[in-house]
Amino acid sequence: MRILVAYATRHGATAGIAERIAAVLTETGRPAEARPVEDVTNVEGYNAVILGGAAYMLHWLKPAVKFARRHRAALAGRPVWLFSSGPLGTDLVDKDGQDVLQSTRPKEFDELTELLHPRGEQVFFGAYDPEAEPVGLGERLVRHMPAAQDALPAGDFRDWDAIEAWARGIAESLGTHGRQPE
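Below is a summary of the structure that appears in this document.

Cut-offs and rules
Residues numbered from 1 in each chain as written. Predicted model: local features only at pLDDT ≥ 70, side-chain atom pairs only at ≥ 80, totals over all residues. Heavy atoms only, no water. Helix = DSSP H or I, 4+ residues; strand = E, 2+ residues; numbered from the N terminus. Buried < 20%, exposed > 50% of the residue type's maximum accessible area, 1.4 Å probe, protein only. Contact = heavy atoms within 4.5 Å. Areas by Shrake-Rupley, 256 points an atom, 1.4 Å probe, with all protein chains shown as cover. Polar contact = N/O pair within 3.5 Å; in protein donor to acceptor, adjacent residues only side chain to side chain. Phe/Tyr/Trp six-rings, centres within 6.5 Å; stacked < 30°, edge-to-face > 60°. Axes fitted to C-alpha atoms, helices over the stretch in contact; angles between N-to-C directions. Parallel < 35°, antiparallel > 145°, perpendicular 65-115°, else oblique. Left-handed = near helix turned anticlockwise from the far one by under 90°. Expected span 1.5 Å × (residues − 1). Pairing = 2+ DSSP bridges. Right-handed = clockwise from strand over helix to strand, strands pointing away.

## A closer look at the overall build of the protein chain
When helices and strands are tallied, the protein chain shows eight helices and eight strands. For the protein chain, buried positions account for 42% of its 182 residues. Contacts in the protein chain between residues at least 24 apart in sequence constitute 79% of all its contacts with a sequence separation of at least 6. For the protein chain, the exposed surface amounts to about 9,600 Å²; the carbon and sulfur share of it is 52%.

## Focus: the side chain of Ser-173
Locating Ser-173 in the fold gives a position in helix α8 (residues 160-176). Within the structure, Ser-173 has its side chain in polar contact with the side chain of Arg-119 (distance 3.4 Å). If we skip the residues at most four places from it in the chain, Ser-173 touches Trp-81 and Arg-119.

## What about the packing of aromatic side chains?
Across all of its chains, the model carries four aromatic pairs by this definition. Their ring planes at 90° and their centres at 5.1 Å tell us that Trp-60 and Phe-109 sit as a pair that is edge-to-face. Linking Trp-60 in strand β4 (residues 59-60) with Phe-109 in helix α5 (residues 108-116), this pair joins segments that are 49 residues apart in sequence. Accessibility classification places Trp-60 together with Phe-109 in one group, the buried group. Within the aromatic cluster, the residues linked to one another by ring pairs are Phe-83, Phe-124 and Trp-166.

## Regarding the packing of helix α2 (residues 62-70) against α5
In contact at an axis separation of 10 Å, α2 and α5 are set at 20° when each is read in the N-to-C sense. Taken together, the axis directions place α2 and α5 in an arrangement best described as roughly parallel. For the crossing formed where α2 meets α5, the hand is left-handed. For the pair α2 and α5, the contacting residues are Val-65, Ala-68 and Arg-69 in the first and Glu-108, Glu-111, Leu-112, Leu-115 and Leu-116 in the second.

## A look at unusual backbone geometry
Although it is not a glycine, Met-57 adopts a positive phi angle of roughly 50°. By the secondary structure assignment, Met-57 is in the loop between β3 (48-56) and β4. Its identity is not glycine, yet His-117 carries a phi of approximately 50°, on the positive side. The class for His-117 is exposed, based on a relative accessible area of 59%.

## Things to note about helix α1 (residues 13-27)
Along its 15 residues, α1 runs 21 Å from first to last C-alpha, staying within 8% of the 21 Å computed at 1.5 Å per residue. Taken residue by residue, α1 has Ala-13, Thr-14, Ala-15, Gly-16, Ile-17, Ala-18, Ile-21, Ala-22, Val-24 and Leu-25 as its buried positions. Just downstream of α1 lies Gly-29, where phi reads positive at about 90°.

## Examining the pairing of strand β1 (residues 3-8)
With six of six residues buried, β1 is to be regarded as a mostly interior element. Across the two faces of β1 the burial is the same, with Ile-3, Val-5 and Tyr-7 and Leu-4, Ala-6 and Ala-8 all buried. Examined bridge by bridge, β1 and strand β2 (residues 32-36) share five bridges and lie parallel to one another. What sits directly across from Ile-3, in β2, is Ala-32. Handedness of the crossover joining β1 and β2 through α1: right-handed.

Worth remembering: the numbers are spatial, not functional.
Spelled out as structure tokens, the structure:
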């Protein structure tokens, strides 16, 4: 069994999550590799795919969405999971009393759930380094707005225990359900 953990990242936090997921799967005896979506031309050599992307303002990065759409036929024939990274901080509940990990679910997940029928999805906390070089026009504009900068908590908020537990759950699922021939 070979597993692909494909990801779209802007500053590397999502890549780190993908790499940790791949490492945990490999440790459980299910070889996995983490690769940027831009480097994956097809998914035919994989028995399962985990697709992740960073989310900004409740939207998944476009390369991850394009990857899902482009490979939808091939992905339909194998187990798929989706993950997103993005919310910052340590608050588990937002100002309206909503679970932060649910309320920051990317808007594209509704379409992708219909398209891919994933076995599961998960939102993880992300990371923000205000010293990192801005990527894209939106980030450049935010850099010039002091109030916006103060609104984003800086730091690495990724919950490695939660990420590893989710990966182990996928490994268990693959060990007991729908294993495809190698």
